[in-house]
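The chain contents come next:
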Amino acid sequence: MERIRFFLEHVNHVRFVRYLLFLFLGLFLFAVLYDQAKPHQYELRLFDIATETIRSPITIEDKETTERLKKEAADKVTDIYTLKKEYAENRVDLISSLFTTIVEIQNEIKEEKKEPTKMMDALKERLPQEWFSYLSADEWEKLLHAAPEDIETAKEAAVTAVHSIMAERITQSELEKARAKVQDELKYVMLSPSLKEIVVKLTKQAIIPNVIYDRTATEEKRRQAMDEVKPVKILQGQVIVEEGQFITNEIYHQLQLVGLLQNDRSFQPLIGLFLFVLLLLSPVVYYFGREQANKNLFVYTAIFTIMLLVMKLVRLIPESDAFSTGYLVPVAFGTMLVRIFIGERIAIMTSILYAVCGSLMFNEGMGANGTIQVSLAIYLVTSGLAGSFFLHKQLRKAKIWQAGVFVAFINIVVMLALTLLKNGHYSLTEIGMFLLMAFASGIFSAILTIGLLPVFEACFGILSSMKLIELSNPNHPLLRKILTEAPGTYHHSIMVANLAEAACEAIGANGLLARVACYYHDIGKTKRPQYFIENQIGGNPHDHLSPQLSKNIILAHVSDGVAILKKHRMPKEIVDIAEQHHGTTLLKYFYHKALEQTGYVLEEEFRYPGPKPQTKEAAIISIADSVEAAVRSLSNPSQEKIGKIVRSIIAERLQDNQLNECDITLKELEMVARSLCETLNGVFHSRIEYPEIRKEKVKHA
């Protein structure tokens with residue numbers, strides 16, 4: 001233990017050590033959480049037989065399968081064709097124009113008395129060239145020489161047939177079928193067979209497809225079909241392959257997709273864990289990075305490491321499908337230790353870190369590595385905060401036991417709330433197991449806290465509030481020694497403790513440390529109690545001693561006190577205050593007495609050896625010690641006299657450079673002066689003088 005404390009004292013202000021501690025925390029946290037971040041992988045090949053049931057550790061979309069299903073849905077959509085009604089009107093006009101043109105040519109030939117042979121030439125000038133491929137030259141000649149009434153009859157029949165047939169949808173594949181209907185439409189037309197055959201041929205050529213491919217509508221329909229396909233997802237906890245089942249191509253693809261095959265070396269989980277650890281430790285680095293000393297960081301690193309190791313040990317307990325052993329983790333002991341040794345703010349932050357780490361470590365119910373179990377995280381953070389909040393006043397072992405019971409109660413309430421919120425069907429045995437784990441977590445937290453407190457105090461030389469309260473017990477052997485051997489010194493120490501505690505609390509210093517240190521600061525006087533005025537009842541032995549010898553006796557009480565405190569293994573902070581409470585002040589009375597007797601003495605010989613006060617608490621105790629003795633020497637203390645003495649002693653300490661080595665400010669010294677005056681005025685207040693009542697003898701009749 002002594003070696004550890006010696007090492008910590010030497011590296012307490014080494015900044016490089018702080019970086020090493022941060023690095024250790026990061027590496028240790030990474031190592032602890034690595035198993036949870038790394039997905040469990042299997043050595044499987046196609047058409048192997050699964051030796052166990054494998055579930056998906058994550059929820060992920062099977063994009064390849066989703067795209068295949070979307071393509072299949074799009075392929076099932078038939079092409080969309082749009083009916084063009086204007087096509088029928090155009091073809092009706094076309095066939096009508098054909099017969100009208102023939103009639104016009106016939107009339108022109110008659111009026112101009114041209115040769116009938118010119119009719120064919122006139123027709124070629126007026127009709128499109130492709131029409132002449134539909135009929136032979138003889139058929140065109142026969143049509144041109146037909147009677148006008150037959151032409152009119154043919155025109156009406158052809159127009160009616162085209163309009164009737166093209167009123168329906170006609171695709172390219174249905175064109176021949178539609179043209180075949182012309183024969184039926186013109187079956188009963190009153191024309192000669194040869195002329196009817198010509199009209200049928202022309203009418204068939206007038207029939208064309210009246211629907212066209214609508215690309216926009218088709219693509220929109222296919223897009224809608226693809227959108228209706230839901231993404232194929234492999235859900236967290238979903239069974240991919242059951243024990244004894246063949247590994248098909250589809251199963252192998254799913255195993256590969258969720259990263260469960262050993263040939264899939266993905267560094268993404270490691271990168272994610274690295275970033276996660278940085279995020280977790282960033283508030284810790286921010287909090288301790290501002291401190292000058294490394295002591296609290298050493299303590300925090302030790303507590304954090306022990307807490308994670310405890311989680312690892314609890315994780316070795318076999319889990320049931322109904323509950324997680326994470327609810328058994330005594331997470332509150334970690335936050336209570338941080339609260340006791342460091343502070344409440346960092347304890348609250350640490351409870352959140354423990355909850356996140358615990359929820360990751362114990363999230364194995366569904367094989368979901370790398371994810372957080374929310375219900376367990378809520379349980380752990382509530383348990384940690386309960387332990388921290390309950391320890392807000394003076395700490396005693398009984399207080400820690402009470403905190404453990406309080407944590408157990410909170411755990412039970414949270415466990416019941418989470419169980420009811422899940423709306424699951426649990427048996428009485430399962431509910432009883434839940435509550436038992438919640439209760440055990442709180443009790444184990446108290447046991448571990450009480451058990452580890454002395455270990456941390458011994459290893460790191462920590463002076464906790466609980467330790468200070470134990471040292472303030474009047475039954476402590478050293479306090480009993482002062483009380484029995486130097487009662488005046490004991491009373492003086494109590495008065496100084498009251499003054500110093502109030503002054504320290506006024507400026508935000510450690511009032512409890514100041515009070516307890518005052519109890520022991522004059523323990524050295526017990527070696528020669530009769531040589532100190534507060535313990536003298538009769539004469540003063542210094543009247544018969546030389547100033548040099550008296551000086552040696554008075555100065556020795558500091559070194560004697562330090563030796564006694566070290567012999568009893570008292571905390572270093574109390575030993576330091578006992579050594580520093582006189583600083584290097586001058587023993588004025590015996591210095592002037594020696595000066596009167598010899599005429600010349602060295603002032604340094606009549607000064608305390610020091611060192612000067614190094615902390616605010618030591619400086620305030622030094623001032624309070626002198627103030628209490630000076631005020632007590634007044635025959636009739638008043639507020640004015642008390643205020644004058646207090647400020648004169650503070651001014652004297654400043655002029656003598658006794659406060660140069662501590663970080664107390666002039667503003668704080670003014671606050672200390674006001675606090676000392678208020679306390680002393682309350683102690684040395686004026687009282688009314690009670691009249692003396694004389695008893696007179698009463699004569700009885």
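Here the structure is a predicted model, which is why all the values come from computation and not from measurement. (Residues numbered from 1 in each chain as written. Predicted model: local features only at pLDDT ≥ 70, side-chain atom pairs only at ≥ 80, totals over all residues. Heavy atoms only, no water.)

Draft legend 1. Broad picture of the overall build of the chain. Each helix and strand counted, the chain has 28 helices and 6 strands in total. Each principal axis of the C-alpha atoms in the chain carries an extent, and together these give about 180 × 80 × 65 Å. Taken over 701 residues, the chain has a buried fraction of 46%. Once local pairs closer than 6 in sequence are excluded, the contacts in the chain between residues at least 24 apart make up 78%. As displayed, the chain has an accessible area near 38200 Å², and 56% of this comes from carbon and sulfur atoms. Across the chain, the centroid of the 78 positively charged side chains sits 11 Å from that of the 82 negatively charged ones. (Helix = DSSP H or I, 4+ residues; strand = E, 2+ residues; numbered from the N terminus. Buried < 20%, exposed > 50% of the residue type's maximum accessible area, 1.4 Å probe, protein only. Contact = heavy atoms within 4.5 Å. Areas by Shrake-Rupley, 256 points an atom, 1.4 Å probe, with all protein chains shown as cover. Lys, Arg positive; Asp, Glu negative; His and termini not counted. Charge placed at Lys NZ, Arg CZ, Asp CG, Glu CD.)

Draft legend 2. Quick look at the pattern of salt bridges. Taken as a whole, this structure holds 25 salt bridges when the rule is applied. Note that Asp-522 and Lys-525 form a salt bridge whose closest N and O atoms lie 3.2 Å from each other. Note on accessibility: Asp-522 and Lys-525 belong to one class, buried. Across the pair Glu-670 and Arg-647 runs a salt bridge, and its minimum N-O distance is 2.9 Å. Of this pair, Glu-670 sits in helix H28 (residues 666-683) while Arg-647 sits in helix H27 (residues 639-655), placing them 23 residues apart in sequence. (Salt bridge = Lys/Arg side-chain N within 4 Å of Asp/Glu carboxyl O.)

Draft legend 3. Seen up close, the environment of Val-77. Relative to the helices and strands, Val-77 is located in the loop between helix H3 (63-76) and strand S3 (81-83). For the pair Val-77 and Phe-456, spaced 379 residues apart in sequence, the C-alpha separation works out to 75 Å. Here Val-77 is in contact with Lys-221, Arg-222 and Ala-225, once residues within four sequence places are set aside.

Draft legend 4. Looking closely at H27. With 17 residues, H27 extends 24 Å from end C-alpha to end C-alpha; this agrees with the ideal 24 Å at 1.5 Å per step. Regarding H27, the residues found buried are Ile-642, Gly-643, Ile-645, Val-646, Ile-649, Ile-650 and Arg-653. Each buried residue of H27 lies within a common arc of 165 degrees when the element is viewed along its axis, so the set occupies one face. For H27, the exposed residues lying more than 90 degrees away from the buried face are Glu-640, Lys-644 and Gln-655. (Expected span 1.5 Å × (residues − 1). Arc of directions from axis to C-beta.)

Draft legend 5. View of a nonpolar patch on the surface. Where nonpolar side chains cluster on the molecular surface, the patch consists of Val-14, Phe-16, Tyr-19, Leu-20, Leu-23 and Leu-27 and spans about 600 Å² of accessible area. Tracing the sequence through the fold places Phe-16 in helix H2 (residues 15-37). Look at Phe-16 and you get exposed, because its relative accessible area is 55%. (Patch = residues over 30% accessible without salt bridge, like charges linked within 9 Å, V, L, I, M, F, W, Y side chains within 5 Å.)

Draft legend 6. Up close: the nonpolar core. Core analysis: the largest hydrophobic core is formed by 79 residues, its most contacted members being Phe-341 and Phe-456. Broken down by element, the residue count for this core peaks at 12 residues, all from helix H13 (residues 295-315). Ile-469, Leu-478, Cys-504 and Ala-619 belong to the second largest nonpolar core, which has 56 residues in total. (Core = buried A, V, L, I, M, F, W, Y, C linked by side-chain atoms within 4.5 Å.)

Draft legend 7. Quick look at the environment of Ile-620. Take Ile-620: it is sitting in helix H26 (residues 616-632). Judged by relative accessible area, which is 0%, Ile-620 ranks as buried. When the C-alpha atoms of Ile-620 and Phe-389 are compared, they prove to be 31 Å apart, with 231 residues separating the residues in sequence. When near neighbours in sequence (up to four residues on either side) are disregarded, Ile-620 contacts Ala-500, Ala-503, Cys-504, Ile-507, Ile-664 and Val-672.

Draft legend 8. Region of the structure containing the side chain of Ser-359. Relative to the assigned elements, Ser-359 resides in helix H15 (residues 344-361). There is a polar contact of 2.8 Å between the side chain of Ser-359 and the backbone oxygen of Val-356. (Polar contact = N/O pair within 3.5 Å; in protein donor to acceptor, adjacent residues only side chain to side chain.)

Draft legend 9. Just helix H24 (residues 572-580), in detail. Listing the buried residues of H24 in full gives Ile-574, Val-575, Ile-577, Ala-578 and Gln-580. Next to the buried residues of H24 lie helix H19 (465-471), helix H22 (511-520), helix H23 (547-567) and H26.

Draft legend 10. Broad picture of the packing of aromatic side chains. By the definition in use, this model includes 12 aromatic pairs. A centroid spacing of 5.0 Å and a plane angle of 25 degrees characterise the contact between Phe-390 and Phe-406, whose relative ring orientation is stacked. You can see Phe-390 sitting in helix H16 (residues 374-390) and its partner Phe-406 sitting in helix H17 (residues 397-422), a full 16 residues away along the chain. Taking relative accessible area as the criterion, Phe-406 reaches 29% and is therefore assigned partly exposed. (Phe/Tyr/Trp six-rings, centres within 6.5 Å; stacked < 30°, edge-to-face > 60°.)

Draft legend 11. Local environment of the packing of helix H4 (residues 85-112) against helix H9 (residues 193-206). Viewed as axis vectors pointing N to C, H4 and H9 meet at an angle of 150 degrees, and their least axial separation amounts to 9 Å. Considering the relative orientation of H4 and H9, their crossing is right-handed. Mapping the contact onto sequence places Arg-91, Ile-95, Leu-98 and Phe-99 in H4 and Val-199, Leu-202, Thr-203, Gln-205 and Ala-206 in H9. Here the contact of H4 with H9 is built from residues that sort into 6 nonpolar, 2 polar and 1 charged. (Axes fitted to C-alpha atoms, helices over the stretch in contact; angles between N-to-C directions. Left-handed = near helix turned anticlockwise from the far one by under 90°. Nonpolar A, V, L, I, M, F, W, Y, C, P; charged D, E, K, R; others polar.)

Draft legend 12. Representation of the side chain of His-521 within the structure. Following the sequence through the fold, His-521 ends up in the loop between H22 and H23. Within the structure, His-521 has its side chain in polar contact with the backbone oxygen of Cys-518 (distance 2.6 Å). At a separation of 3.0 Å, a polar atom in the side chain of His-521 contacts the side chain of Asp-522. Setting aside its immediate chain neighbours within four residues, His-521 contacts His-492, Ser-493, Ala-578, His-581 and Asp-625.

Draft legend 13. The arrangement of the environment of Glu-661 in detail. Within the secondary structure, Glu-661 sits in the loop between H27 and H28. With 45 residues separating them in the primary sequence, Glu-661 and Lys-616 have C-alpha atoms 9.8 Å apart. Setting aside residues no more than four positions away along its own chain, Glu-661 makes contact with Lys-612, Pro-613 and Gln-614. Within polar-contact distance, the side chain of Glu-661 engages the side chain of Gln-614 at 2.6 Å.

Draft legend 14. Here's a closer look at unusual backbone geometry. Backbone torsion omega between Gly-610 and Pro-611 reads 5 degrees, so that peptide bond is classified as cis. Within the element layout of this structure, Pro-611 appears in the loop between helix H25 (588-598) and H26. Located in the positive-phi region is Arg-569, a residue other than glycine, with phi close to 55 degrees. Residue placement: Arg-569 occurs in the loop between H23 and H24. If you check the backbone angles, Asn-657 has positive phi at about 60 degrees while not being a glycine. Examined against the element boundaries, Asn-657 turns out to sit in the loop between H27 and H28. Residue class for Asn-657 comes out partly exposed when judged on its relative accessible area of 37%.

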